[in-house]
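The lines below spell out each chain.
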Amino acid sequence: MRFRVRAFLGWATLAAICLLNVPAVFGSDKAELTFGMLLVGPYNDHGWSQAHYEGGRYVEAKLPGSKMIYIDKVNPADRPGLTIPAVVDELVDKGAQLIIGNSDDMKDGMREAASQHPEIHFLHISGDDVLTGNAPPNLSNLMGRMEYGKMIAGFAAGLTTKDGRVAYLGPLINEETRRLAASAYLGARHAWTVVRGMPAETFKFRVSWIGFWFNIPGVTADPSQVARNFFDTGYDVILSGIDTNEALIVANQQRKEGKAVYALPYDFIGSCNSAPEACLGVPYYNWGPDYTRIAKSVINGSWNQAWTWSGPNWEAINDADSSAIGFIIGDALSQANREQLKAFIADLGSGKLNLFTGPLSYQDGSDYLKAGEIATDRQVWYLKQLLQGMEGASK
Amino acid sequence: MQNLKQHLIDTLLILAIAGPFTSLLLALVGASPADAFGHLFSGSFGSWSKFSRVLNVWIPLTLCSLGLLYAFRSGLWNIGVEGQLVLGAVGTAGVLRLGVDAASPLLVLMLALLAGALLGSLWALLAGWLKIKGGVHEIFAGLGLNFVAMGIILWLIFGPWKRPGIASMSGTEPFPRELWFPMLEGWRVSPFALALALAAIVITAWVLNHSRFGLNLKAVGHNPRAVLLYGLSPQTYLLTAIIISGALAGLAGGVQVSAIYHRLIPAISSGYGYLSLLVVMLANFRLLPIPLIALFFAALNVGSIQLPMMMQLDSSLAGVIQGACVLSALLVFGLRRLKKGADG
């Protein structure tokens, strides 16, 4: 009997609380702009999703009165049954006027949600719906020109590798990941052949794809396993192309076993911190400035649909208020190589050096760029295959 | 009346164990249980759009649970329900792929759902056949087949069915809108899918409780040897039961593909197969509580997204509540059986 009374009281209280809570949840919002952020991975992944999360916090700091609501791990493996339109409804319910979706995986869902909420603004990161004309008018795309970041990272790898063996830990295969892997390759090859004067045949660049942006046990290949495998087969530098930090962690473990190996993580400015002595550097995204600009345009009504590919501020690539991508030099990069790297960055910035210059061939031998031809933005964005000289699957 | 009272007492007892247990866990991590339960409730029943999403979970979960009921009636533990759901999704996706640009999308959709049910039931038949012909216990056969089903879906998504030029575990190319499960303008749940689930409930209620097949099935479940005396073949009944079970799970998989994700993804099952096992156990293997418990579980699943959003709590709390409920239910039912034994 005691149990029954207690249970009844418990449920009655619960019901009362729910009723009281509803207005508290929905009614207390005085912020000028509430924006919702869908993060594909954990907000603290030391990688891709954390970079976006920090970008959102930057907006809150720059635009007083703005407020971020985020949901992380937005993928059906982590949250069974979840769909993008459903979580977008959730954010709109909570007052979001701008929705940022940070994964290529959300492309179809973002488009569907944007058509369901024509009064809300949508920003899909890394997508091309605006370019292809598939985007409803309230959906924009934004991406950073990480190709430069990858070239710089590849360059650091090419300077450091002992025998000319550089590996790329790739996520899934699509246009974005192909062009980023290719950029890393071009940077590494440049360091090996031009700067170090080694013969091109002695250079190996291997790409292995795990199947998704991060490890899903039982579904993707295990990135730690893939990284170990690279080191076991003679590669001494790994460039990470995935959202999370496994390459650096494994490199650090192997160093403790006495191997001279290195890694370059990706995405997040603080990625090197988990193992500085194994880290050659990290190319990272700085989403804050673009997010702030777009958030402002929602507030003052000047929103325009756009596909934006934001580059670095070559004057100061690590300037938090102006550069969309940057590169932090890691503790493991030698002093001499740092000087080389700075000169390389200066040449990229001045336009003296453009690594997407022909002759370049696709992996199957067909022409990508003829001798002297410089790739257009579209040719880079829609890279159809890996480049000749890279090992690994193209599709 | 006596019966109803007993069920009510059971339910209250279960909640009286599970409720404080979860509250204690929440208090241990420094969160207010009242807030958490409040968010769970308002996040699932707070608006029509939220409730529609609860229904979107409820439909496949109920279909799977109903299917399980047939198997349990015949005495079979159909753990393979998860794999049957997955294969159902594969069957539906396979037909939808062929039906792109077809003249009659509605026909394609119906065929696709049928194919889902068919593949689900074939997968279940395999487990039943292994049991009857090979002497493999259906729990092990089912678990094994679940892994194989996962392997098949991963292989399809990363191999023959991948998007052109792309190799990703994100899933296959989405189907064109004509091949989505029909919706009404402005609705977030398909009334037709809803009708399908309701029909399945009514038919199952009739078949299990009022048809000769249902009564025989029960007899087989209680004593497979004795029914031989009545000229019934227990094997036929076992196989029929597991086939129906697989068909309903396969249908659930078809709904997941055509009404929810509109493509095939590795996590297409959303774990509803395993979850439905918990639903049926919590229902003490009876039909009537199933729709309500499935609704409760669906609400927890949908409402739990509020926890990370509003309280920075992990949404796995929903799973903890579900697990706690089932464990307390098993405890309550077990104690009642013990008491009955002592009384009798």
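If you're wondering where the values come from, they're calculated on a predicted model, not measured in any experiment.

(A) Quick peek at the overall build of chain A. Regarding its fold elements, chain A presents 12 helices and 15 strands. In terms of overall size, chain A behaves like a compact globule, its C-alpha atoms giving a radius of gyration of 23 Å where 395 residues would be expected to give roughly 21 Å. If one aligns the C-alpha atoms of chain A with their principal axes, the spans along those axes are about 80 × 55 × 35 Å. The buried share of chain A, taken over its 395 residues, is 58%. Put simply, chain A shows about 15,200 Å² of open surface, and 53% of that area lies on carbon and sulfur atoms. Between the mean site of the 35 positive side-chain charges and the mean site of the 42 negative ones, chain A shows a separation of 3 Å.

(B) View of the overall build of chain B. Helix and strand counts for chain B come out as 14 helices and zero strands. Put simply, chain B runs from its N terminus to its C terminus through helices and strands in the order α-α-α-α-α-α-α-α-α-α-α-α-α-α. For a compact globule of 344 residues, the expected C-alpha radius of gyration is about 20 Å, and chain B comes in at 21 Å, within 12% of that figure. With the C-alpha coordinates of chain B rotated into their principal frame, the extents come out at 70 × 60 × 35 Å. Counting only residues that meet the buried cut, chain B has 54% of its 344 residues in that class. A separation threshold of at least 6 residues defines the contact pool for chain B, and within that pool the share at least 24 residues apart is 76%.

(C) View of helix H10 (residues 234-261) of chain B. Residues and elements named next belong to chain B. Compared with an ideal rise of 1.5 Å per residue, which puts 28 residues at 40 Å, H10 spans 39 Å between its outermost C-alpha atoms and is within 8% of the ideal. Counted residue by residue, H10 has 21 buried out of 28 residues, so it is predominantly covered. Immediately beyond the C-terminal end of H10, within one or two residues, lies histidine 262, with a positive phi of roughly 55 degrees.

(D) Expanded view of the side chain of A:Asn286. Residues and elements named next belong to chain A. Examined against the element boundaries, asparagine 286 turns out to sit in the loop between strand S10 (281-285) and helix H10 (288-299). Reaching out from asparagine 286, the side chain makes a polar contact with the backbone oxygen of alanine 320 at a distance of 2.8 Å. For asparagine 286, the side chain forms a polar contact with the main-chain oxygen of serine 323, separated by 2.9 Å.

(E) Quick peek at the state of the cysteines. If you walk through the whole model with that rule in mind, you get one disulfide over all chains. Covalently, A:Cys272 is tied to A:Cys279 through a disulfide, its sulfur atoms 1.9 Å apart. Between A:Cys272 and A:Cys279 the sulfur-sulfur dihedral comes to about -45 degrees; the bridge is accordingly left-handed. By relative accessible area, A:Cys279 is classed as buried at 0%. Cysteine B:Cys64 is unpaired, with the sulfur of B:Cys325 as its nearest cysteine sulfur at 20 Å.

(F) Spotlight on the domain arrangement of chain A. All names here are of chain A. What the domain assignment lists for chain A is domain 1 (28-144 + 288-300 + 302-309) and domain 2 (146-285 + 324-391). Distance from the C-alpha centre of domain 1 to the C-alpha centre of domain 2: 28 Å. Here domain 1 and domain 2 share an interface that buries about 2,000 Å² over both sides, 65% of which is from carbon and sulfur atoms. Considering only the side of domain 1, the residues that lose the most area to domain 2 are His46, Trp48 and Trp309, jointly responsible for 29% of the buried surface there. Summed over the shared surface of domain 1 and domain 2, the number is zero salt bridges.

(G) Examining the environment of A:Gly281 more closely. All names here are of chain A. Tracing the backbone shows glycine 281 in strand S10. Sequence spacing of glycine 281 and glycine 330 is 49 residues, and the spatial spacing of their C-alpha atoms is 3.9 Å. Excluding anything up to four places from it in sequence, glycine 281 contacts Leu264, Pro265, Cys272, Phe327, Ile328, Ile329 and Gly330.

(H) Here's a closer look at the confidence of the model for chain A. All names here are of chain A. Overall, the predicted model of chain A reaches an average pLDDT of 92, with 92% of residues at or above 70. This stretch, residues 1-6, has a pLDDT under 50; its non-local contacts, to residues over four places away or in other chains, come to five contacts. Throughout residues 13-31 the model reports pLDDT below 50, and contacts reaching past four residues in sequence, or to other chains, amount to 21 contacts.

(I) Quick look at the packing of helix H3 (residues 48-73) of chain B against H10(B). Residue and element names in this part refer to chain B. Contact pair H3 / H10: the axes reach a minimum separation of 7 Å and the direction vectors enclose 170 degrees. The angle between H3 and H10 falls in the class roughly antiparallel. Taking contact as the criterion, the partners of Asn56, Ile59, Pro60, Leu63, Cys64, Leu66, Gly67, Leu68, Tyr70 and Ala71 in H3 are, on H10, Ala241, Ile244, Ser245, Leu248, Ala249, Leu251, Ala252, Val255, Gln256 and Ile260. Class assignment for the residues of the contact of H3 with H10 results in 16 nonpolar, four polar and no charged.

(J) Inspection of helix H7 (residues 175-195) of chain A at higher detail. Residues and elements named next belong to chain A. The first and last C-alpha atoms of H7 sit 29 Å apart over 21 residues, in line with the 30 Å expected at 1.5 Å per residue. Most of H7 is tucked away, with 16 of its 21 residues classed as buried. Sitting at the amino-terminal end of H7 is asparagine 174, which places a side-chain oxygen 3.0 Å from the backbone nitrogen of glutamate 176. A positive backbone phi angle near 70 degrees is found at glycine 197, which sits one or two residues after H7.

(K) Just the domain arrangement of chain B, in detail. Residue and element names in this part refer to chain B. Each domain of chain B was delimited in the assignment, giving domain 1 (1-31 + 313-344) and domain 2 (48-312). Contacts between the two partners involve 15 residues from domain 1 and, on the opposite side, 15 residues from domain 2. Here domain 1 packs against domain 2, burying approximately 1,400 Å² in sum over the two surfaces, 73% of which is carbon and sulfur. Considering only the surface of domain 1 that becomes buried against domain 2, Leu313, Gln322 and Val326 emerge as the three largest contributors, covering 44% of it.

(L) View of a nonpolar patch on the surface. Residues and elements named next belong to chain B. Judged by side-chain polarity, Phe21, Leu24, Leu25, Leu28 and Val29 come together as a nonpolar surface patch covering roughly 520 Å² of accessible area. Along the chain, leucine 25 turns up in helix H1 (residues 2-28). Residue leucine 25 is classed as partly exposed on the basis of its relative accessible area, which comes to 35%.

(M) Representation of the sheet that holds strand S4 (residues 121-125) of chain A. Residue and element names in this part refer to chain A. In space, the six strands of this open sheet follow the order S2-S1-S3-S4-S5-S11, with parallel pairing throughout. Edge positions in the sheet fall to strand S2 (66-71) and strand S11 (307-310), since each of these pairs with one other strand and no more. Each strand axis lies, on average, 20 degrees off the axis of its neighbour in the sheet, ignoring direction. Running over the sheet, helix H3 (residues 84-93) touches strand S1 (33-38), S2, strand S3 (98-101) and S4 and is turned about 160 degrees from S1.

(N) Examining the interface of chain A and chain B more closely. Opposite the 45 residues of chain A that make contact, chain B presents 49 residues. Of the roughly 3,800 Å² buried between chain A and chain B, counting both surfaces, carbon and sulfur atoms make up 61%. There are six salt bridges connecting chain A and chain B. For B:Arg53, the salt bridge identified is with A:Asp89, shortest N-O distance 3.9 Å. Scanning the region where chain A abuts chain B turns up 15 residue pairs in polar contact (both at pLDDT 80 or more). Sorting the residues of the side of chain A that touches chain B by element identifies helix H1 (2-27), S2, H3 and helix H4 (107-116) of chain A as the ones contributing at least two each. Ranked by residue count, the leading element in the side of chain A that touches chain B is H1(A), at 12 residues.

(O) Structural view of the packing of H3(B) against helix H12 (residues 289-303) of chain B. Residues and elements named next belong to chain B. Where H3 contacts H12, the axes come no closer than 8 Å and their chain directions differ by 135 degrees. In terms of axis orientation, H3 runs oblique to H12. For H3 against H12, the interelement crossing comes out right-handed. Here Lys50, Phe51, Arg53, Val54, Leu55, Val57, Trp58, Leu61, Thr62, Ser65, Leu66 and Leu69 of H3 come into contact with H12, specifically with Ile290, Pro291, Ala294, Leu295, Phe297, Ala298, Ala299, Asn301 and Val302. In the contact of H3 with H12, the residues fall into 16 nonpolar, three polar and two charged.

Conventions used here
- Residues numbered from 1 in each chain as written.
- Chains lettered and ligands numbered in written order.
- Predicted model: local features only at pLDDT ≥ 70, side-chain atom pairs only at ≥ 80, totals over all residues.
- Heavy atoms only, no water.
- Helix = DSSP H or I, 4+ residues; strand = E, 2+ residues; numbered from the N terminus.
- Rg over C-alpha atoms; globule rule 2.2 N^0.38 Å.
- Buried < 20%, exposed > 50% of the residue type's maximum accessible area, 1.4 Å probe, protein only.
- Areas by Shrake-Rupley, 256 points an atom, 1.4 Å probe, with all protein chains shown as cover.
- Lys, Arg positive; Asp, Glu negative; His and termini not counted.
- Charge placed at Lys NZ, Arg CZ, Asp CG, Glu CD.
- Contact = heavy atoms within 4.5 Å.
- Expected span 1.5 Å × (residues − 1).
- Polar contact = N/O pair within 3.5 Å; in protein donor to acceptor, adjacent residues only side chain to side chain.
- Disulfide = S-S within 2.5 Å.
- Domains from an automatic or database assignment.
- Buried area = accessible area lost by both parts, 1.4 Å probe.
- Salt bridge = Lys/Arg side-chain N within 4 Å of Asp/Glu carboxyl O.
- pLDDT = per-residue confidence, 0-100.
- Axes fitted to C-alpha atoms, helices over the stretch in contact; angles between N-to-C directions.
- Parallel < 35°, antiparallel > 145°, perpendicular 65-115°, else oblique.
- Nonpolar A, V, L, I, M, F, W, Y, C, P; charged D, E, K, R; others polar.
- Patch = residues over 30% accessible without salt bridge, like charges linked within 9 Å, V, L, I, M, F, W, Y side chains within 5 Å.
- Pairing = 2+ DSSP bridges.
- Left-handed = near helix turned anticlockwise from the far one by under 90°.

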